[in-house]
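Okay, here's what each chain looks like letter by letter:
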Amino acid sequence: MSKHKFNPLPGFGLTMGYTLVYLSVLVLLPIGALFFRAAQLSWSDFWHLSTEPRALAAYKLTFGAAFIAAFINAVFGTLLAWVLVRYQFFGKRFIDALVDFPFALPTAVAGLTLSSLFAANGWLGKILVPLGIEGAYTPLAVVIALTFVGLPFVVRTLQPVLENLEREVEEAAATLGASRGKTFFKILMPTLFPTILTGFALAFARAVGEYGSIVFVSGNLPGKTEIAPHVIVVRLEQFDFGGATAIAAVLLVVSAGILAAINWLEVWAGRFNN
């Protein structure tokens, strides 16, 4: 009698083949087409198109704002996930559902909403602009929009890990005289750090590729509040396919490098904790 148990699901060969085809069609082919188009440019043309002043300013704003927004979400998203997992309070389910709101809300609607709120005559703008805080048509507006769209990635990544943490460890630390702060930073944080990095990487990747919400709230001023995806769209509208391809290739390479570094740091932190 065979010792192998019957598996009603498809085997490894079929599922792996489907996975490779699926990823190839959706991911590898578009990326390959992008690099193939970029390879048709000479190195001097590619360098000139990808390093013009407008593109450099867009890179700086795109990656800088994405990093700041992801960092903000890593800090406050961790706090929000902690509150949702560890405490019971009135309205908890509503707040938990509200975390997914940026997923469901079209990004263009989010941009229009944020611009109307933070404009000089908006509800919040009337209060903040006299204080010197301009949340619309400035680099700060880009950070606000990217923070909005990236929040769910950190919270939803952390929640399962927090739910599976054994509270007995915290109770033992308290019994031995450890303060709450020391328990959090010495015992819980080393365990949560790789997951926080994962949420940070997801929020960062989402922010780099964001377009819809930013074009309405940033003003798209070249060299000041214009992001790299908008420069690509402008190049395509001008039928400058070479310029659009060069900028897109730079975004792809830099983003992949940053994500690879974050993933390596995540693996290193996990090994260090073990």
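This is a predicted model, so every value here is computed, not measured.

Moving on, we come to the environment of T78. Here T78 lies in helix α3 (residues 53-86). Those residues in contact with T78 that lie beyond four places of it in its chain are N73, V154, L158 and I196. A polar contact of 2.4 Å, which involves the side chain of T78, links it to the backbone oxygen of A74.

Turning our eyes to something else, we now look at helix α12 (residues 228-237). In terms of residue burial, α12 counts as a mostly covered element, since 7 of its 10 residues are buried. Buried within α12 are the following residues: A228, P229, H230, V231, I232, V234 and R235. Backbone geometry just after α12 places F239 at a positive phi near 60°.

If you walk through the whole model with that rule in mind, you get 7 aromatic pairs. Judged by centre distance (5.4 Å) and plane angle (80°), the rings of F67 and F200 are edge-to-face. Of this pair, F67 sits in helix α3 while F200 sits in helix α10 (residues 180-208), placing them 133 residues apart in sequence. Under the relative-accessibility criterion, F67 is labelled partly exposed at 46%. For F200, a relative accessible area of 10% translates into the label buried. Note on F103 and F153: the rings are 5.2 Å apart at their centroids and 90° apart in plane angle, and the pair reads as edge-to-face.

The rules behind each value
Residues numbered from 1 in each chain as written. Predicted model: local features only at pLDDT ≥ 70, side-chain atom pairs only at ≥ 80, totals over all residues. Heavy atoms only, no water. Helix = DSSP H or I, 4+ residues; strand = E, 2+ residues; numbered from the N terminus. Contact = heavy atoms within 4.5 Å. Polar contact = N/O pair within 3.5 Å; in protein donor to acceptor, adjacent residues only side chain to side chain. Buried < 20%, exposed > 50% of the residue type's maximum accessible area, 1.4 Å probe, protein only. Phe/Tyr/Trp six-rings, centres within 6.5 Å; stacked < 30°, edge-to-face > 60°.

These figures come from the coordinates and say nothing about function on their own.
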